[in-house]
Amino acid sequence: MSKPNLIVLAHSKPWCTAISRNFSDLNLSWVLNVPALIDESFKSPASAAIVEIPGNAADEFCVDLYELANNSVQLRLFAVGDVSLLRWQPLLRASGIAMWHWSLLQIPSLVQAIARHHGTVRHGRQSAESSIWSELPWPTAASN
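Residues numbered from 1 in each chain as written. Predicted model: local features only at pLDDT ≥ 70, side-chain atom pairs only at ≥ 80, totals over all residues. Heavy atoms only, no water.

A. Structural context of the environment of C16. Structurally, C16 can be placed in helix α1 (residues 13-22). Look at C16 and you get buried, because its relative accessible area is 17%. A sequence separation of 14 residues divides C16 from W30, and the C-alpha atoms of the two residues are 9.7 Å apart. Excluding residues that lie within four positions of it along the chain, C16 makes contacts with A10, H11 and W30. (Helix = DSSP H or I, 4+ residues; strand = E, 2+ residues; numbered from the N terminus. Buried < 20%, exposed > 50% of the residue type's maximum accessible area, 1.4 Å probe, protein only. Contact = heavy atoms within 4.5 Å.)

B. Local environment of a negative patch on the surface. Taken together, D59, E60, D64 and E67 make up a surface patch of like negative charges. Looking at the secondary structure, you find D64 in helix α3 (residues 58-65). Note on D64: relative accessible area 40%, which makes it partly exposed. (Patch = residues over 30% accessible without salt bridge, like charges linked within 9 Å, V, L, I, M, F, W, Y side chains within 5 Å. Areas by Shrake-Rupley, 256 points an atom, 1.4 Å probe, with all protein chains shown as cover. Salt bridge = Lys/Arg side-chain N within 4 Å of Asp/Glu carboxyl O. Lys, Arg positive; Asp, Glu negative; His and termini not counted. Charge placed at Lys NZ, Arg CZ, Asp CG, Glu CD.)

C. Spotlight on a nonpolar patch on the surface. A cluster of nonpolar side chains, namely V83, L86 and W102, defines an oily patch on the protein surface of about 250 Å² accessible area. Relative to the elements of secondary structure, V83 occurs in the loop between β4 (76-80) and α4 (89-94). Residue classification places V83 among the exposed positions, given a relative accessible area of 53%.

D. Expanded view of the sheet that holds strand β3 (residues 48-52). A sheet is described by the order of its strands in space; here 5 strands give the open sequence β2-β1-β3-β4-β5, paired in parallel fashion. In this open sheet, the two strands that pair with only one neighbour each are β2 (27-30) and β5 (97-101). Across the sheet, the axes of successive neighbouring strands diverge by a mean angle of 20°, strand direction being ignored. As paired elements, strand β1 (residues 5-9) and β2 share 4 bridges and run parallel to each other. Bridge pairing in β2 links L6 to L28. The strands touched by helix α2 (residues 34-43) within the sheet are β1, β2, β3 and β4, with β1 carrying the most contacts at an inclination of about 170°. (Pairing = 2+ DSSP bridges. Axes fitted to C-alpha atoms, helices over the stretch in contact; angles between N-to-C directions.)

E. Structural detail: the nonpolar core. In this structure, L37, V51, I53, L65, L77 and I97 are the most contacted members of the largest nonpolar core, which totals 21 residues. For this core, the elements supplying multiple residues, two or more each, are β1, α2, β3, α3, β4 and β5. For this core, the leading source of residues is α3, giving 4 residues. L26, A48, V80 and L110 belong to the second largest nonpolar core, which has 17 residues in total. (Core = buried A, V, L, I, M, F, W, Y, C linked by side-chain atoms within 4.5 Å.)

F. Expanded view of the environment of F23. Of note, F23 is situated in the loop between α1 and β2. Residue classification places F23 among the buried residues on the basis of a relative accessible area of 2%. Each C-alpha atom, one on F23 and one on I114, is 9.6 Å from the other, the two residues being 91 residues apart in sequence. When near neighbours in sequence (up to four residues on either side) are disregarded, F23 contacts L6, L28, I50, L110, V111 and I114.

What follows is the structure, given as structure tokens:
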């Protein structure tokens, strides 16, 4: 079984180091900007993404992230940054961010949330038709 995917958009040394150290058991994909994050999310279905949001431009950053708010690839967004994230909570929620962390002391909570996400999503691409066929309560001709 392959390792779960984690897409990372972070730039500060403390957050990059903490993410590398605490998520070494996952398949990390580092991206440089939001368009690259969006592209990577389609390559890695059922993954999670950690996004470092700059406190001085959180509003502009969240507008870009809004494209991922209702995605079909089961991507879950987690935000990290500094204490200024607290004043942007309504905007973070509207942008589809599941959880935000403003201190490195919250890393255990972030690790647990991402592990919970990876434990609950369905991995692998499956069409609607094949999903229905595989969940029928009786054997089908296709399964024989």
